[in-house]
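Chains, contacts and geometry: an overview
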Amino acid sequence: MTPGAVKVGQWGWIAAFVVAALFPLLRPSGYLLDIGINVMIWAMVAYGLNVILGYTGQLSLAHAGFFGIGAYTVGILTLKAGWSFWVAWPVAVALCAVLGLLLGLVAFRTRGDAFAIFTLGVGVIVMLVINKWDALTGGNEGLNGVNPPAGLEALSAGLGLKLSGGFYYLALISLALTVLVAARARFSVFGRSLIAVRGSEDLARSAGIDVYSHKLRAMMLSTAIAGFAGGLYAVYVGFLGSAVTGPVTTFTVLLYLLVGGLGTLAGPLIGTALMYVLTQLLQGLADYRYIVFGPLLVLLVMYAPHGLSGLWDRVRARRAAPTKAAAHD
């Protein structure tokens, strides 16, 4: 990517976040704000999965488990231990990073399908522990009454907004931080090393890259972002159930990522926004909406195997090719 393209991309992101920041000032309905907040939270989860899958090429099917660990850590610490959300949130992120390291120490001794199956098993175990540990997590009844962050309601009122408006801006700031971290990881030496690992681990080793160490760091970053999103989800929804930590959630986030584009910076946000909004629009069809999703996914695989973000990059490259050729002539 050329420096000029990077600058254009930076200004594009800035413009997108400025427009998003102005949205609550238009006094949208609570339903639209709720959709926006959920899109941003789930996009953060997709960015976490993109680090380990899109950058490193490792399909971790325990991702929703770490999202749940982050959410339940915040819920338990605020409800049962009386902690402030602003303290519990970074603790949840740190815990997910440490647990991601422990998972990676074992899981990265396997490869390919074995790695995916092992992490799927870990994800199921996390869901079962949360579901069965009644004294700590509430079991089947879940955790009820997780309070909003202290001071957020007063801050929202000071800005002339309802609490949902305050949550919207908290989610927007959190998403912006997540995108910055993902961009920093992707375009650093560390990120380029991860891309090399994704291409060929043997070639990466021959180039002097410590493959095992890089994959561990990628796993820690991936699970930390998942926990970061989970902590915000806990205080926004106010109720936690074990179902959200299961493999179905992981596959849903994977769908967002595939639609948007693996390994791209904009892909997780584009895919999440499109699929979440489409799901809301087709909610009346219940399970029949998958009849719509199925053909759309087939068309996507056929004509945009690298997702919508990859399709846009390809179209832009084709448009730029005649200009470059003309310049050389």
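Scroll up a little and you will see the structure.
Residues numbered from 1 in each chain as written. Predicted model: local features only at pLDDT ≥ 70, side-chain atom pairs only at ≥ 80, totals over all residues. Heavy atoms only, no water.

Thoughts on the overall build of the protein chain
The condition that has to hold: By definition, any uninterrupted DSSP run of H or I lasting at least four residues is a helix, any uninterrupted run of E lasting at least two residues is a strand, and each is numbered from the N terminus. For each residue, the accessible area found with a 1.4 Å probe, counting protein chains only, is set against the maximum for its type, and the residue is called buried under 20%, exposed over 50%, and partly exposed in between. We call two residues in contact whenever any of their non-hydrogen atoms come within 4.5 Å of each other. The accessible surface values rely on the Shrake-Rupley method and a 1.4 Å probe; as for residues, cover is taken only from the protein chains in view.
In terms of regular secondary structure, the protein chain is built from 15 helices and two strands. Relative to its full complement of 329 residues, the protein chain shows a buried share of 48%. The long-range share in the protein chain, meaning contacts at least 24 apart out of those at least 6 apart in sequence, stands at 76%. As presented, the protein chain carries roughly 16300 Å² of accessible surface, and 70% of it is formed by carbon and sulfur atoms.

Quick notes on the pattern of salt bridges
When charged atoms on two side chains of opposite charge get close, those side chains can pair. We count it as follows: Whenever a carboxyl oxygen of Asp or Glu lies within 4 Å of a side-chain nitrogen of Lys or Arg, that contact is scored as a salt bridge.
Going through the model one piece at a time under the given rule, you end up with four salt bridges. Taking the shortest distance from any N to any O, the salt bridge between Arg111 and Glu201 comes out at 3.3 Å. Residue Arg111 is located in the loop between α4 (85–107) and α5 (112–132), and its partner Glu201 is located in helix α10 (residues 201–206); the two are separated by 90 residues in the primary sequence. For Glu201, a relative accessible area of 12% translates into the label buried. For Lys215, the salt bridge is made with Glu201, and the minimal N-O distance between the two is 3.2 Å. Taken together, the positions of Lys215 in helix α11 (residues 211–237) and Glu201 in helix α10 put the pair 14 residues apart, joining distant regions of the chain.

Description of the side chain of Thr264
We apply this condition: Whenever a nitrogen or oxygen atom comes within 3.5 Å of another N or O atom, the pair is scored as a polar contact, on the condition that within protein one atom can donate a hydrogen and the other can accept it, and that pairs from neighbouring residues in sequence are kept only if both atoms are in side chains.
Note on placement: Thr264 falls in the loop between α12 (247–260) and α13 (267–281). A distance of 2.8 Å separates a polar atom in the side chain of Thr264 from the backbone oxygen of Gly261. Contacts of Thr264, omitting those with residues within four sequence positions, involve Asn50 and Ser309.

Let's talk about helix α2 (residues 30–55)
What sets the pattern is the α-helix's 3.6 residues per turn: residues three or four places apart point alike. Stated formally: Expected helix span is taken as 1.5 Å per residue step, with the number of steps being one fewer than the number of residues. Values of bend correspond, residue by residue, to the angle between axes fitted over the seven residues ending at that residue and the seven starting there.
Taking 1.5 Å as the rise per residue, α2 with 26 residues should run 38 Å; its terminal C-alpha atoms sit 36 Å apart, in good agreement. Maximum bend of α2: about 35°, positioned at Leu49. Most of α2 is tucked away: 22 of the 26 residues are buried.

Digging into a nonpolar patch on the surface
We apply this condition: Patch criteria: residues need more than 30% relative accessible area and no salt bridge. Like-charged residues are merged within 9 Å; nonpolar side chains of Val, Leu, Ile, Met, Phe, Trp and Tyr are merged within 5 Å.
On the surface, a cluster of nonpolar side chains totalling about 570 Å² of accessible area is made up of Val292, Leu296, Val298, Leu299, Met302 and Tyr303. Relative to the elements of secondary structure, Val292 occurs in helix α14 (residues 289–303).

Quick notes on the nonpolar core
The nonpolar side chains of a soluble globular protein tend to be buried, and buried together. Here is the rule: Residue types Ala, Val, Leu, Ile, Met, Phe, Trp, Tyr and Cys, when buried and joined through side-chain atoms within 4.5 Å, form a set referred to as a nonpolar core.
One finds Trp42, Phe67, Tyr168, Leu175, Leu232 and Leu265 to be the most contacted residues of the largest nonpolar core, which totals 86 residues. Element by element, the count of residues in this core is highest for α2, at 17 residues. Aside from chain neighbours lying at most four places away, what touches Phe67 is Ile41, Trp42, Val45, Ala226, Ala229, Gly230, Tyr233 and Val244.

Overview of the packing of aromatic side chains
Rules: Side-chain rings of Phe, Tyr and Trp (the six-membered ring for Trp) are treated as a pair once their centres are within 6.5 Å; stacked means planes under 30 degrees apart, edge-to-face means over 60, and tilted covers the remaining angles.
Inspection of every chain in the model, using the stated rule, returns 12 aromatic pairs. For the pair Phe23 and Tyr168, a centre-to-centre distance of 6.0 Å together with 40° between the ring planes defines the contact as tilted. Here the residue Phe23 occupies a position in the loop between α1 (3–22) and α2, and Tyr168 occupies one in helix α8 (residues 163–186), the gap between them amounting to 145 residues. On the basis of relative accessible area, Phe23 is assigned to the partly exposed category, the value being 26%. For the pair Phe85 and Trp86, a centre-to-centre distance of 5.0 Å together with 70° between the ring planes defines the contact as edge-to-face. Overall, Phe85 belongs to the buried group, its relative accessible area being 3%. Among the aromatic residues, those joined into a cluster by ring pairs are Phe85, Trp86, Trp89 and Phe228.

Details of the environment of Leu274
Tracing the backbone shows Leu274 in helix α13. According to the relative accessible area criterion, Leu274 is partly exposed, its value standing at 41%. Taking C-alpha positions, Leu274 is 8.5 Å from Val259, a pair spaced 15 residues apart along the chain. The contacts of Leu274, once residues within four sequence positions are left out, are Val259 and Leu308.

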